[in-house]
Amino acid sequence: PLDPEFKAILAEAPISRANPFLFHKTTNRDVYEGFQTNNPDFQDVLLWNEEGFITEFTNGNVVVKINGHLYTPPVESGLLAGTFRQELIRKKEIKVKNISKADLNNAEEIWFINSVRGKLKVNLTF
């Protein structure tokens, strides 16, 4: 069953897009676990880099609907190129685009995606 409301919060501090652990799936989850520990009332945390661009959730990728179009950030922003994300890009269901923190104010919908949980509509606190 889908969560009726997937609650997430925008991270209070940026990640460094130079961190190699953001680009490769490893057992080193320190960069993510710190954000999760600081926000126990939320199911996930939406990360952003030092340039103010959205990257990913701590446990999945992000898709943002703006002006009727679905976008996900580029890997260069500092994120893991998840398999489900790659599949949606390949099928042309989502486009790759830099998404600023300010863009979240204009987002019609925000989605958490990963290959295990699929697509979950997010109620984002920021």
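Residues numbered from 1 in each chain as written. Predicted model: local features only at pLDDT ≥ 70, side-chain atom pairs only at ≥ 80, totals over all residues. Heavy atoms only, no water.

Caption draft 1: Quick peek at the pairing of strand β5 (residues 69-72). Note that strand β4 (residues 61-66) and β5 share three bridges and pair antiparallel. Its bridge partner lying in β5, V64 is registered against Y71. Joining the antiparallel neighbours β4 and β5 is a turn of two residues, in which N67 adopts a positive phi near 50°. With two bridges joining them, β5 and strand β6 (residues 95-96) adopt parallel strand pairing. From the neighbouring strand, Y71 faces β6, where its bridge partner is K95. (Pairing = 2+ DSSP bridges. Helix = DSSP H or I, 4+ residues; strand = E, 2+ residues; numbered from the N terminus.)

Caption draft 2: Up close: the environment of L124. Here L124 is to be found in strand β8 (residues 118-125). Considered as a pair, L124 and E109 are 15 residues apart in the sequence and their alpha carbons are 9.5 Å apart. In this view, L124 contacts A8, I9, L10, L46, L104 and I110; residues no more than four positions away in its chain are not counted. (Contact = heavy atoms within 4.5 Å.)

Caption draft 3: Representation of the sheet that holds β6. Across the sheet, which stays open at both edges, the eight strands sit in the order β3-β2-β1-β8-β7-β4-β5-β6 with mixed pairing between neighbours. Every other strand in the sheet has two partners, leaving β3 (54-57) and β6 as the edge strands with one partner each. Contacting β4, β5, β6, β7 (109-114) and β8, helix α2 (residues 83-90) runs over the sheet at an angle of about 120° to β7. (Axes fitted to C-alpha atoms, helices over the stretch in contact; angles between N-to-C directions.)

Caption draft 4: Geometry of the nonpolar core. Grouped together as the largest cluster of nonpolar side chains are 24 residues, with contacts concentrated most on L46, I54, F57, L104 and V122. Membership of the second largest hydrophobic core comes to five residues, among which are V63, L88, W111 and I113. (Core = buried A, V, L, I, M, F, W, Y, C linked by side-chain atoms within 4.5 Å. Buried < 20%, exposed > 50% of the residue type's maximum accessible area, 1.4 Å probe, protein only.)

Caption draft 5: Just the environment of N38, in detail. Relative to the helices and strands, N38 resides in the loop between α1 (30-37) and β2 (44-48). Considered as a pair, N38 and A11 are 27 residues apart in the sequence and their alpha carbons are 9.3 Å apart.

Caption draft 6: Inspection of the pattern of salt bridges at higher detail. Scanning all chains against the criterion turns up three salt bridges. For R90, the salt bridge is made with E87, and the minimal N-O distance between the two is 2.8 Å. One end of the pair, R90, and the other, E87, are both in helix α2, three residues apart, so they sit about a helical turn from each other. On the accessibility criterion, E87 (29% relative accessible area) is partly exposed. With its nearest N and O atoms 3.8 Å apart, the salt bridge here joins K91 to E87. Relative accessible area serves as the criterion here: at 46%, K91 is assigned to the partly exposed category. Residues joined in a network through salt bridges with shared partners are E87, R90 and K91. (Salt bridge = Lys/Arg side-chain N within 4 Å of Asp/Glu carboxyl O.)

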